[in-house]
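Remarks on the overall topology
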Amino acid sequence: MEKKNLEWGNLGFEYHVTDMRYVSDYKDGKWDEGRLTADATIPMSECAGIMQYCQQVFEGLKAYTTKDGHINTFRPDLNADRIRESAMRIEMPPFPKEQFLAAVDEVVKANYAWIPPYGTGATFYIRPFEYASTNVIGVKPAAGYQFRIFGTPVGPYFKGGAKPITLCVSDFDRAAPNGTGMVKAGLNYAMSLHANVLAHSQGYDENMFLDPATHTYVEETGGANFLFVTKDGEIVTPKSASILPSVTRRSLVYVAEHMLGMKVTQRAIPFSELKDMAECGVCGTAAVICPVGKVVDHGKEICFPSGMEKMGPVIQKLYDTLTGIQMGEIEGPEGWIHRVM
Ligand code: PLP
Ligand code: COI
């Protein structure tokens, strides 16, 4: 099958309507077997649970073309597990893991023409999601749900690609102390939009959110976890009950410890420690690993020694190893790479 005629190297992180998507419905207490459809629209009731009380959870993972032309996904089992956790937290029926994994493969295969070729820097972003599709007017979970997966070719999440970004410390919270920050529910992202627009309007790339209870510990950005490198070359990454357990961060921690022989500590990180860090990066499926050059806290600048021009050496090493595994160039730990075709 021929590839679409896109400028693969110039794609942003944007939605393209691709050929096929997967749909399964939950009715009378069970999920149906699901199907592929060309229809990218969703007709629904004005009173559907998603429209009224925001019952929705989602995932994000990518498919990568290898040098020899195969297409891989990266640890899709973790996304399958996480969307089940997310669903249960907001009283939605979890979608079966095996069905999730098979459906991701179906969507990848059916959109082969849209999957960026090797070496273009672009990837195929896969967005599984589940939402309440039947009516609710009193505040309660809906009875019916729909699960869907679509995919879209994407370039870098931040416009500069791997150029260091500048963050500002937000006065807003993206999560509550005993809220939903640890699950991937659309409502968390609605929460972050005002802070996001404000940060952009002031010239920042993203927000750094602090812990919602005390505003003294580092949490995450609106869409990625943090990694820091200390001046001794150790990696520290925030541990918190209100951040999303990032697949990328968990993978990088493993890579650093077991493949690169580095020391990694996951702990609460006081914001006051940032000034002593050598490097900072944000990591996630969309962001991959993006270096942070500067964090601005109410006018006070914290500039990391790695600077505003390029990634620091440790973040670069992590980036090269992780992307090497994802692109099939470096042998990764067993079970991380799933060959779709
Ligand atoms: N944190 C938030 C709030 C996110 O939305 C994401 C993206 O999924 C991440 C972290 C990174 O998670 P992952 O590496 O699993 O994509
Ligand atoms: C991802 O990395 O998959 C995300 O969900 C981040 C953002 C696009 C919401």
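Residues numbered from 1 in each chain as written. Chains lettered and ligands numbered in written order. Predicted model: local features only at pLDDT ≥ 70, side-chain atom pairs only at ≥ 80, totals over all residues. Heavy atoms only, no water.

With respect to the nonpolar core
As a rule of thumb, nonpolar side chains are buried together in soluble globular proteins. Formed by 32 residues in total, the largest nonpolar core has its most connected members in Phe100, Val108, Ile126, Phe147 and Ile149. Among the secondary structure elements, those contributing two or more residues to this core are strand E1 (21–27), strand E5 (61–65), helix H2 (76–89), helix H3 (97–110), strand E7 (123–132) and strand E8 (145–154). It is H3 that contributes the most residues to this core, six residues altogether. In this structure, Val108 is in contact with Ala63, Ile71, Thr73, Ile115, Ile126 and Val340, ignoring residues within four places of it in sequence. Formed by 23 residues, the second largest nonpolar core is a distinct cluster that contains Phe158, Ile165, Phe271 and Val292. (Core = buried A, V, L, I, M, F, W, Y, C linked by side-chain atoms within 4.5 Å. Buried < 20%, exposed > 50% of the residue type's maximum accessible area, 1.4 Å probe, protein only. Helix = DSSP H or I, 4+ residues; strand = E, 2+ residues; numbered from the N terminus. Contact = heavy atoms within 4.5 Å.)

Brief notes about the pairing of E8
Within a regular strand, the side chains alternate between the two sheet faces. Buried residues dominate E8, accounting for nine of its 10 residues. The sheet contact formed by E1 and E8 spans five bridges and is antiparallel. Opposite Tyr22, over in E8, you have Ile149 as the bridge partner. As judged from the 10 bridges shared by E7 and E8, these two strands associate in the antiparallel manner. Counterpart to Pro128 in the pairing with E8 is Ile149. (Pairing = 2+ DSSP bridges.)

Comments concerning the packing of aromatic side chains
Aromatic ring pairs: the centre-centre distance and the angle between the two ring planes describe each pair. This model, assessed by the stated rule, comprises 18 aromatic pairs. When the centroid spacing of 6.0 Å and the interplanar angle of 55° are considered together, the rings of Phe100 and Phe147 count as tilted. One end of the pair, Phe100, is in helix H3; the other, Phe147, is in strand E8, with 47 residues separating them in the sequence. The pair Phe100 / Phe147 is uniform in exposure class, with both members buried. Between Phe226 and Phe228, the ring centres sit 5.6 Å apart and the planes meet at 15°, which makes this aromatic pair stacked. Residue classification places Phe226 among the buried residues on the basis of a relative accessible area of 0%. Three or more aromatic residues joined by ring pairs make a cluster, and in this case those are Tyr22, Tyr26, Trp31, Phe95, Phe100, Tyr145 and Phe147. Directly above the ring of Tyr112 sits Lys3, whose terminal nitrogen or CZ lies 3.7 Å from the centroid. (Phe/Tyr/Trp six-rings, centres within 6.5 Å; stacked < 30°, edge-to-face > 60°. Lys NZ or Arg CZ within 6 Å of the ring centre and 35° of its normal.)

What to know about the pairing of strand E11 (residues 225–230)
E11 sits mainly inside the fold: six of its six residues count as buried. Across the two faces of E11 the burial is the same, with Asn225, Leu227 and Val229 and Phe226, Phe228 and Thr230 all buried. Of the strand pairs in this sheet, E11 and strand E12 (residues 235–238) are connected by two bridges, and their pairing is antiparallel. Bridging across to E12, Val229 finds its partner in Ile235. Taking the residues between adjacent antiparallel strands as the criterion, E11 and E12 are bridged by four residues, where Gly233 takes a positive phi near 80°.

By themselves, these figures tell us nothing about what the structure is for.
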